[in-house]
Amino acid sequence: MAKVLDSKIPAGPVPEKWKEYKAHQRLVNPKNKLKLDVIVVGTGLAGASAAASLGEMGFNVINLCIQDSPRRAHSIAAQGGINAAKCYQNDGDSVYRLFYDTVKGGDYRAREANVYRLAEVSNNIIDQCVAQGVPFAREYGGMLANRSFGGAQVSRTFYAKGQTGQQLLLGAYSSLSCQVQAGKVKLYTRYEMEDVVIVDGRARGIIAKNLVTGKLERFSANAVVIATGGYGNTYFLSTNAMGCNCTAAVQCYRKGAYFANPSYVQIHPTCIPVHGDKQSKLTLMSESLRNDGRIWVPKKIEDAKALQAGTKQGWEIPEEDRDYYLERRYPAFGNLVPRDVASRAAKERCDKGFGVNNTGLAVFLDFSESINRLGLDIIMQRYGNLFEMYEEITDVFPGDLANEINGVKYYKPMMIYPAIHYTMGGIWVDYELQTSIPGLFAIGECNFSDHGANRLGASALMQGLADGYFVLPYTIQNYLADQAVWPKVSTDLPEFAEAEKKVDAELDRLLNIKGKRSVDSIHKELGHIMWEYVGMGRTAEGLKTGLKKMHELEKEFDENLFVPGTKEGLNIELDKAIHLRDFFTMGQLVAFDALSRNESCGGHFREEYQTEEGEAKRDDENYFYVGCWEYKGKGNEPELIKEPLEYEAIKVQTRNYKN
Ligand SMILES: Cc1cc2nc3c(=O)[nH]c(=O)nc-3n(C[C@H](O)[C@H](O)[C@H](O)COP(=O)(O)OP(=O)(O)OC[C@H]3O[C@@H](n4cnc5c(N)ncnc54)[C@H](O)[C@@H]3O)c2cc1C
């Protein structure tokens, strides 16, 4: 019988939970705040907003990041936008509707109460960011503009051209800088958390590596918050920034924090297709493009074959011979179905031989209809930087007129294919965002909290900023309220010395393997295993094979890795080796979870469990829970612990995007 976890959700009907929570929670006496230290690891949107808010509220904050500036966190890459239920369009949006869409989009595997809270604070985020001066796009009349993202029939996505993450991060960074200047936040750039220190069962500090000097340093505090992003780079090729890693999260997992729903990995449908084996990164073409771009493959297999052979171009295929397969299969949502649905539909067409590039693994994203309807100027105003980015990478400009057939103008289409993009799984947290280790909190993409089995577009920024600006600053006080009476924890305690010794020994171990293979060559191989056996379509047999191959490759890593240089000073290869060590733990965790979940839901697609139409087939009777995993040592199978899901406000049903 699996252990059962309590998420500490307050009682009461869903819409009242957050209000009730706020009314009953404890707040820290302002004088005591001055005595309390909080470590926030990460300066992405989640970390920077949390550090700034905690500093503003009076706590002493230690904030670390691996980059040379908080402004270079991966959040800067976010293109498309951030959701909020403002209903500026007067199109029937509401907090309840955003809540409903998010729960449905997550294939009914998210915690209902968390999602309601998220929807409720979504509007505060926009107000906060506007107050900071974030330059959201505006309508001609001055009103903030909105566009649509997948899984919604309303327009609720706020954006700043194709660089929303960057602008939001600049806003958070301004607030953070203000607290740095006020002396409330001490910022450590180019520091990497290597371990969490547990004293008497509570998180009391961390061991971090100064990435420039190579020295290990100890930090103690009354609570530790990790905001270190997702684990998409386990797959080697992903849309994530090259530095994204899961080291901090995996170390917390090894120290006893449960890891929830690792198999829920998001594969984004609109990325530039892989073009060779020398590639180390994939590029996202924002989902916002699906507002005006139409996705298609040829209707006739001979046209597809000609495209693959390079004897025909997309613009030579007339309207009547194009299969707008998303519009055909999902008339109600069309090109704006959620990402998991759109990705699987692209794979289905390509698997059937209708792919449109030389590898057969691409579909078209075409702007001809919208350029003909709105003009290139308008389309460029909306997506100009994305068109330019696409041209820089592929040498094709999607606004170039290429053909005219029967009076219809055809422009050069983009080619896209699904790629690893976001991880819904993460460190398990309760309603207060506290992990299973008291005093250790997790926010943003590194926790599992709000997206269930699939995240809707523009919801990650919403969740990261909700956690950082509005949720954690309240909930952490419930924990900190008692802490002011305890003496400060000294970094001389044996627990700190022990943790530092272990990290140091690991660095020596990696440097002393002195084998023949580079970190990247092994990582690339791990990526191939992950994509092939733990990727878009999974089977029990494939997952077992994947696990076996991962074990073998991990052995190769332990015995034949070559890390040049020493541990003194800057050693990027050594840092990457640490990350790869943890990607191995993560990859196996994803596979164990996927193997244990004998159903398909959201981003987790088990080929054995699908409907006749190829849609994901859930099994609510047996798998209506959050799957949490407890570490049991290297090479051992982790233990599954279940947190049952309880729905009060929303009827659990099969997702339908057709009508
Ligand atoms: C190309 C792209 C486009 C996207 N577009 C959108 C969008 O339009 N809308 C949307 O909602 N979402 C989007 N997303 C998702 C969204 O950007 C991320 O989920 C979100 O930014 C994650 O924020 P975060 O603060 O949790 O983590 P991150 O931004 O990844 O920040 C992690 C932080 O942790 C630090 N860190 C990591 N490891 C350590 C360590 N061991 N020690 C110390 N520090 C560490 C890093 O330095 C960094 O500061 C996009 C994602 C990608 C890849």
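Above this text sits the structure in question.
Below you will find a few notes about this structure. No experiment lies behind these values; they were computed from the predicted model shown.

### Quick look at a negative patch on the surface
Then, in step 1: There is a patch of like negative charges on the surface, built from Glu-388, Glu-391, Glu-392, Asp-395 and Asp-400.
Then, in step 2: On the secondary structure map, Asp-395 appears in the loop between α12 (376-394) and β15 (401-405).
Then, in step 3: Relative accessible area serves as the criterion here: at 67%, Asp-395 is assigned to the exposed category.

### Details of the packing of helix α1 (residues 14-24) against helix α5 (residues 112-132)
Then, in step 1: Packing of α1 against α5 leaves a shortest axis separation of 8 Å and a crossing angle of 75°. Taken together, the axes of α1 and α5 lie roughly perpendicular to each other. Taking contact as the criterion, the partners of Val-14, Pro-15, Lys-17, Trp-18 and Lys-19 in α1 are, on α5, Glu-112, Ala-113, Tyr-116, Arg-117, Glu-120 and Val-121.
Then, in step 2: The class makeup of the residues in the contact of α1 with α5 is six nonpolar, no polar and five charged.

### Some thoughts on helix α17 (residues 572-596)
Then, in step 1: Given a rise of 1.5 Å per residue, 25 residues ought to cover 36 Å, and the 36 Å separating the end C-alpha atoms of α17 matches this to within 8%.
Then, in step 2: Among the 25 residues in α17, 20 count as buried, and that is most of the element.
Then, in step 3: Two or three places before Glu-573, at the start of α17, stands the capping residue Asn-571, its side-chain oxygen 3.2 Å from that residue's backbone nitrogen.

### With respect to the packing of helix α16 (residues 540-560) against α17
Then, in step 1: Relative orientation of the contacting elements α16 and α17 amounts to 160°, with a least axis distance of 9 Å. The orientation of α16 relative to α17 falls into the category roughly antiparallel. Once α16 is placed against α17, the crossing between them reads as left-handed. Taking contact as the criterion, the partners of Ala-540, Leu-543, Lys-544, Leu-547, Met-550, His-551, Leu-553, Glu-554 and Phe-557 in α16 are, on α17, Ala-577, Leu-580, Arg-581, Phe-584, Gly-587, Gln-588, Ala-591, Phe-592, Ala-594 and Leu-595.
Then, in step 2: Partitioned by chemical class, the residues of the contact of α16 with α17 number 13 nonpolar, three polar and three charged.

### Concerning the packing of aromatic side chains
Then, in step 1: On inspection of all chains with the given rule, the structure shows 21 aromatic pairs.
Then, in step 2: Note on Tyr-188 and Phe-219: the rings are 4.9 Å apart at their centroids and 75° apart in plane angle, and the pair reads as edge-to-face. One end of the pair, Tyr-188, is in strand β5 (residues 185-189); the other, Phe-219, is in strand β8 (residues 216-220), with 31 residues separating them in the sequence. Comparing Tyr-188 with Phe-219 shows no difference in burial state: the two are buried.
Then, in step 3: Here Tyr-253 and Phe-259 contribute two aromatic rings whose centre-to-centre distance is 6.1 Å and whose plane-to-plane angle is 85°, an arrangement assigned as edge-to-face.

Thresholds, definitions, all that
- Residues numbered from 1 in each chain as written.
- Predicted model: local features only at pLDDT ≥ 70, side-chain atom pairs only at ≥ 80, totals over all residues.
- Heavy atoms only, no water.
- Patch = residues over 30% accessible without salt bridge, like charges linked within 9 Å, V, L, I, M, F, W, Y side chains within 5 Å.
- Areas by Shrake-Rupley, 256 points an atom, 1.4 Å probe, with all protein chains shown as cover.
- Salt bridge = Lys/Arg side-chain N within 4 Å of Asp/Glu carboxyl O.
- Lys, Arg positive; Asp, Glu negative; His and termini not counted.
- Charge placed at Lys NZ, Arg CZ, Asp CG, Glu CD.
- Helix = DSSP H or I, 4+ residues; strand = E, 2+ residues; numbered from the N terminus.
- Buried < 20%, exposed > 50% of the residue type's maximum accessible area, 1.4 Å probe, protein only.
- Axes fitted to C-alpha atoms, helices over the stretch in contact; angles between N-to-C directions.
- Parallel < 35°, antiparallel > 145°, perpendicular 65-115°, else oblique.
- Contact = heavy atoms within 4.5 Å.
- Nonpolar A, V, L, I, M, F, W, Y, C, P; charged D, E, K, R; others polar.
- Expected span 1.5 Å × (residues − 1).
- Polar contact = N/O pair within 3.5 Å; in protein donor to acceptor, adjacent residues only side chain to side chain.
- Left-handed = near helix turned anticlockwise from the far one by under 90°.
- Phe/Tyr/Trp six-rings, centres within 6.5 Å; stacked < 30°, edge-to-face > 60°.

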